[in-house]
Amino acid sequence: MEVDGDWILWRIRPRQGELVYLPPDFYLHELLETPQTDLEAVAALMRAYGPLVDMDRDDLDIEAQGWLEDVPFAPDDHWRVGHHRRDVEVHLSLAHEAIKTWLACQTEGGLEALVEAEVDEQQLEQFRRDNPDSLHEVTLDGLREMMATSRLSTLQSVLNAALRKFGIGIGGLEERRATIYSASFLQLYNHMAEGATVRHCANEPCRRPFVRQRGRAEFGQNRTEGVKYCSRECARAQAQRELRRRRRVTPTSQQR
């Protein structure tokens, strides 16, 4: 697998090797942290976990598919297949927006705070220019409400499209040809269904959101209760940091 211009390409060959499981909270860590314009980073992700998206774009809704109507499905190369840069950018931008919306909804006032950071007077003026025939004058608060509604609608449509291949029938993930994109949203949907609690790692340089702590058990058995850190490594790092702080206490301050 390699980056070649605007493509991430690999040779056509039969499926080989064992299934690769995504780590717990993959969508909150690896997927969310992969820049949508960095093809090298995306290629590295695919080398570790498999194809990013469906080759036929069936994991997108109709509107998003329209954004890619002028983008070829395959490279002009009879012996390799791949993902075009625009495919990667559209899928990851939608995924990032949907995940951030869901995360914001996990805290009281979170969605409002997310929208607040995105809406300003300049955007309001642009909206009014784009909609000169609006029957009612839109205020800044009104635009915020519209943006919040739009974000929730996007989350729903992105999630539904990504999960389409899991909607009916029986069989394991290996028979559904799950991709990084679709399996990530299956993780997110499962967290929605179970009413999972999202925490933020107590390791000071980390602060990542997480549901299950990594590194303490085999796949599928990771802890969700009574944990403060997203991984065992973060727990160790914070423990070492606090130990160094205690050791820096002077004899004088200890006597006090």
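Above this text you will find the structure in question.
Residues numbered from 1 in each chain as written. Predicted model: local features only at pLDDT ≥ 70, side-chain atom pairs only at ≥ 80, totals over all residues. Heavy atoms only, no water.

S.K.: I keep staring at the side chain of Arg144 and nothing clicks. Help me out?
M.R.: By the element assignment, Arg144 lies in helix α7 (residues 140-162). The exposure class assigned to Arg144 is buried, which follows from its relative accessible area of 18%. Polar side-chain contacts of Arg144 include one of 2.5 Å to the side chain of Asp141. Apart from residues lying up to four places away in sequence, Arg144 is in contact with Val115, Glu116 and Val119. (Helix = DSSP H or I, 4+ residues; strand = E, 2+ residues; numbered from the N terminus. Buried < 20%, exposed > 50% of the residue type's maximum accessible area, 1.4 Å probe, protein only. Polar contact = N/O pair within 3.5 Å; in protein donor to acceptor, adjacent residues only side chain to side chain. Contact = heavy atoms within 4.5 Å.)

S.K.: Would you take a moment to explain the packing of helix α6 (residues 121-130) against α7 for this structure?
M.R.: How two helices pack is summed up by the angle between their axes together with the distance between the axes. For the pair α6 and α7, the least separation of the axes is 10 Å and the interaxial angle reads 85°. By the criterion of interaxial angle, the relationship of α6 to α7 is roughly perpendicular. Packed against α6, whose contacting residues are Glu121, Gln123, Leu124 and Phe127, the element α7 presents Leu140, Leu143 and Met146 at the interface. When its residues are assigned to classes, the contact of α6 with α7 shows five nonpolar, one polar and one charged. (Axes fitted to C-alpha atoms, helices over the stretch in contact; angles between N-to-C directions. Parallel < 35°, antiparallel > 145°, perpendicular 65-115°, else oblique. Nonpolar A, V, L, I, M, F, W, Y, C, P; charged D, E, K, R; others polar.)

S.K.: Where do I start with unusual backbone geometry in this structure?
M.R.: Peptide bonds are, in most cases, trans, and in most cases residues other than glycine have a negative phi. Positive phi, normally seen in glycine, also occurs at Arg57, with a value near 65°. Among the structural elements, Arg57 can be located in the loop between α2 (39-49) and α3 (62-67). If you check the backbone angles, Arg207 has positive phi at about 60° while not being a glycine. On the secondary structure map, Arg207 appears in the loop between β4 (199-200) and β5 (209-210).

S.K.: In this structure, what is going on with the pairing of strand β2 (residues 7-11)? I would like to understand it.
M.R.: Along any regular strand, the residues point their side chains to alternate faces of the sheet. The buried count for β2 comes to four of five residues, which makes it a mostly enclosed element. Sheet topology note: the strand β1 (residues 2-4)/β2 ladder contains three bridges and is antiparallel. Among the inter-strand pairings, Glu2 is bridged to a residue of β2, identified as Leu9. Connecting the antiparallel pair β1 and β2 is a turn made up of two residues, with Gly5 showing a positive phi of about 65°. Bridge analysis of β2 against strand β3 (residues 80-84) gives five bridges, and the strand direction is antiparallel. Note on β3: the bridge partner recorded for Arg11 is Arg80. (Pairing = 2+ DSSP bridges.)

S.K.: How should the sheet that holds β3 be read in this particular structure?
M.R.: The pairing of strands in a sheet happens through backbone hydrogen bonds and is either parallel or antiparallel. Spatially, β1-β2-β3 is the arrangement adopted by the three strands of the open sheet, whose pairing is antiparallel. Looking at strand neighbours, the two that pair on one side only are β1 and β3, the edges of this open sheet. Averaged over all adjacent pairs, the angle separating strand axes in this sheet is 35°, with direction ignored. The strands touched by helix α4 (residues 85-104) within the sheet are β2 and β3, with β3 carrying the most contacts at an inclination of about 45°.

S.K.: Explanation requested: the packing of aromatic side chains in the structure shown.
M.R.: Given two aromatic rings, one states the distance between the centres and the angle between the planes to describe the pair. Overall, the coordinates contain three aromatic pairs when judged by the stated rule. Ring geometry for Phe26 versus Tyr49: centroids 5.0 Å apart, planes at 75°, classification edge-to-face. Note that Phe26 is positioned in the loop between β2 and α1 (27-33) and Tyr49 in helix α2, a separation of 23 residues in sequence. By relative accessible area, which is 24% here, Tyr49 ends up partly exposed. Considering the side-chain rings of Tyr181 and Phe185, the 5.1 Å spacing of their centres and the 65° angle between planes classify their relative orientation as edge-to-face. Taken together, the residues span about one helical turn, with Tyr181 and Phe185 both in helix α9 (residues 180-194) at a distance of four residues. The same class applies to Tyr181 as to Phe185, namely buried. One residue, Arg57, lies across the ring of Phe73, its end atom 4.1 Å from the ring centre. Directly above the ring of Trp79 sits Arg80, whose terminal nitrogen or CZ lies 4.7 Å from the centroid. (Phe/Tyr/Trp six-rings, centres within 6.5 Å; stacked < 30°, edge-to-face > 60°. Lys NZ or Arg CZ within 6 Å of the ring centre and 35° of its normal.)

S.K.: Just to check I follow, could you spell out the environment of Glu40 for this structure?
M.R.: Topologically, Glu40 is positioned in helix α2. Looking at Glu40, the relative accessible area reads 47%, which means it is partly exposed. Considering only alpha carbons, one finds Glu40 and Val3, 37 residues apart in sequence, at a separation of 6.5 Å. The residues touching Glu40, leaving out its near neighbours within four places in the chain, are Val3 and Arg47.

S.K.: Whenever I open this one, α7 confuses me. Can you help?
M.R.: An α-helical segment advances 3.6 residues per turn. Residues three or four places apart therefore align on the same side. Here α7 spans 33 Å end to end across 23 residues, near enough to the 33 Å set by a 1.5 Å rise per residue. All of the buried residues along α7 are Leu140, Gly142, Leu143, Arg144, Ala148, Arg151, Thr154, Leu155, Val158, Leu159, Ala161 and Ala162. Residues of α7 that are buried in the fold lie against α4, α5 (110-116), α6 and α9. (Expected span 1.5 Å × (residues − 1).)

What is shown is where atoms sit, not what they do.
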